[in-house]
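Descriptive analysis of the structure
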Amino acid sequence: VLYYQVQRDLRTNRNVGYEALMRWQHPTRGLVMPVEFIPLAEETGLIVEMGRWALRQAATDFATLDQSTRVAVNVSPVQFVKSDLVADVTGALQVSGLEAHRLEIEITEDVLIEDTDNTQKVLSELSKLGVSLSLDDFGSGYSSLAYLTQFPFTKLKIDRCFTERILLDDRSRALVTSILALASSLGIRVTAEGVETSGQLAMLTEGSCDEAQGYLLGRPEPFQKAFADK
Ligand code: C2E
Ligand code: CA
Ligand code: CA
């Protein structure tokens, strides 16, 4: 099943998007979290079918809303290699009727490290379709700055480990400030992940971060629940 976590625009204070996060509703074990099953699904190749399903389900859910909220779907590096991602995304948009600009694809730098012709081709085709591309977990790995100019990203997501530390140490705060300045000069939007306190939110708003996501603003919840009163 897909749960959805809200993303808030810090300038307008509006909920502008949701990230789709997968859970496994297990008959005896209850709700199983992605850390427990995604690596296994990647290993077995089952992630290809699960990822295709997630794209369709998220697009279908959001196409029913009469608001123009975006939905972001996580895509595994394995899907780049083992499936035709462009065909899967096109299929999801066609089946659901969702406008391309309302769909965002979140990828991690693992996909880019290999920098094959295929990666470049897939990303530029996705971008041509009109879907947004978001670089997830920025700052957690090598995060070569070159990725931002080499590939057509419209957004980067600052990893939770930095958000956690912005009020605790000056270096993390300086790093976040620099990422924000860099992204802004490249015309890339920034979402801070894992915002848990109002102090963190205030600091990010002051630093002109575009969007925030985290438990403070809302936990991931089932579609019906997320939109119950909307
Ligand atoms: P991610 O893409 O970095 O997703 C953000 C994770 O941070 C989610 O964990 C979310 O529940 C959690 N989170 C959000 N706000 C906060 C906060 O304020 N504090 C803390 N401590 N955590 C917060 P989740 O749902 O367990 O997902 C873990 C990872 O599993 C995701 O990390 C993503 O890499 C992967 N994943 C989830 N769904 C999918 C999917 O449909 N496909 C693929 N390929 N991977 C997925
Ligand atoms: Ca993500
Ligand atoms: Ca992330």
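Whatever comes next refers back to the structure up there.
A short tour of the structure in this document, coming up.

**Notes on a nonpolar patch on the surface**
A surface patch of nonpolar side chains, amounting to about 240 Å² of accessible area, comprises L145, L182 and L186. Topologically, L145 is positioned in the loop between β7 (132–138) and α7 (146–150).

**So, the pairing of β7**
Within a regular beta strand, the side chains point alternately toward one face of the sheet and then the other, so they alternate between its two faces. Judged by how many residues are buried, β7 sits mostly within the fold: six of seven residues are covered. With three bridges connecting them, β7 and strand β8 (residues 155–158) associate as parallel partners. Considered in β8, the bridge of S134 is made with K155.

**With respect to the side chain of E104**
As for its position among the elements, E104 is in strand β6 (residues 103–107). When its relative accessible area of 2% is taken as the criterion, E104 is described as buried. Polar contacts involving the side chain of E104 include one to the side chain of K155, which spans 3.2 Å. What E104 contacts, discounting residues up to four positions off in sequence, is Q7, R70, V71, A72, V73, S132, S134 and K155.

**Some thoughts on the site of ligand 1**
Neighbouring ligand 1 are 21 residues; Q5, R23, D136, E196 and Y215 lie closest to it. Measuring from an oxygen atom of ligand 1, one finds a side-chain N or O atom of D136 at 3.0 Å. A distance of 2.5 Å is found between a nitrogen atom of ligand 1 and a side-chain nitrogen or oxygen belonging to E196. For ligand 1, whose unbound accessible area comes to 800 Å², protein coverage reaches 83%. In a pocket analysis with a 2 Å cut-off to the grid points, ligand 1 is assigned to the largest pocket.

**A few points about unusual backbone geometry**
Its identity is not glycine, yet D137 carries a phi of approximately 55 degrees, on the positive side. Within the secondary structure layout, D137 lies in strand β7. For D137, a relative accessible area of 26% puts it in the partly exposed group. Despite not being glycine, S208 shows a phi value in the positive range, around 65 degrees. By secondary structure assignment, the location of S208 is in the loop between α10 (198–206) and β10 (211–212).

**As for helix α6 (residues 117–129)**
Helix length check: α6, at 13 residues, gives a terminal C-alpha distance of 18 Å against a target of 18 Å (1.5 Å per residue), a fit within 8%. All of the buried residues along α6 are T119, V122, L123 and L126. Buried residues of α6 fall within an arc of 95 degrees about the axis and therefore sit on the same side. Turned more than 90 degrees from where α6 packs its buried face, D117, K121 and K128 sit exposed. Where the residues of α6 are buried, they touch α3 (77–82), α4 (85–96), β6, α5 (110–113) and β7. Among the residues trailing α6, G130 stands out with phi positive, at a value near 105 degrees.

**Some details on the coordination of the calcium ion (ligand 3)**
Protein coordination at the calcium ion (ligand 3): the donors are D136 (OD), D137 (OD), E193 (OE) and E193 (OE), at 2.2 to 2.4 Å from the metal. Read N to C, the donor residues that coordinate the calcium ion (ligand 3) are spaced as D-D-x55-E. A spacing of 4.0 Å is found between the calcium ion (ligand 3) and the calcium ion (ligand 2), which share D136 as a donor.

**Description of the packing of aromatic side chains**
According to the stated counting rule, one finds ten aromatic pairs in the structure shown. Residues W24 and F37 carry aromatic rings whose centres are separated by 6.1 Å and whose planes lie at 85 degrees to one another, so their mutual orientation is edge-to-face. Separated by 13 residues along the polypeptide, W24 in strand β3 (residues 24–26) and F37 in helix α1 (residues 34–44) bring together distant segments of the chain. Ring centres 6.4 Å apart and planes at 70 degrees place the aromatic pair F151 and F153 in the edge-to-face group. Given a relative accessible area of 2%, F151 falls into the buried group. Members of the aromatic cluster, each reached through a chain of ring pairs, are Y4, Y18, F62, F223 and F227. The ring of Y215 has R219 lying over it, and the distance from NZ or CZ to the ring centre is 3.9 Å.

**Structural notes on the environment of V131**
Looking at the element boundaries, V131 is found in the loop between α6 and β7. Separated by 15 residues in sequence, V131 and A146 have C-alpha atoms that sit 21 Å apart. With residues up to four places along the chain from it excluded, the contact list for V131 reads V89, L93, A100, L103, I105 and L126.

Calculation criteria
Residues numbered from 1 in each chain as written. Chains lettered and ligands numbered in written order. Predicted model: local features only at pLDDT ≥ 70, side-chain atom pairs only at ≥ 80, totals over all residues. Heavy atoms only, no water. Patch = residues over 30% accessible without salt bridge, like charges linked within 9 Å, V, L, I, M, F, W, Y side chains within 5 Å. Areas by Shrake-Rupley, 256 points an atom, 1.4 Å probe, with all protein chains shown as cover. Salt bridge = Lys/Arg side-chain N within 4 Å of Asp/Glu carboxyl O. Helix = DSSP H or I, 4+ residues; strand = E, 2+ residues; numbered from the N terminus. Buried < 20%, exposed > 50% of the residue type's maximum accessible area, 1.4 Å probe, protein only. Pairing = 2+ DSSP bridges. Polar contact = N/O pair within 3.5 Å; in protein donor to acceptor, adjacent residues only side chain to side chain. Contact = heavy atoms within 4.5 Å. Near = heavy atom within 4 Å. 1 Å grid on protein atoms, 1.4 Å probe; cavity = no way out; pocket = protein on both sides within 12 Å on 5 of 7 lines; lining within 4 Å. Sits in = over half its atoms within 2 Å of the grid points. Expected span 1.5 Å × (residues − 1). Arc of directions from axis to C-beta. Donors = N, O, S within 2.8 Å, 3.2 Å for Na, K, Ca; no water. Phe/Tyr/Trp six-rings, centres within 6.5 Å; stacked < 30°, edge-to-face > 60°. Lys NZ or Arg CZ within 6 Å of the ring centre and 35° of its normal.

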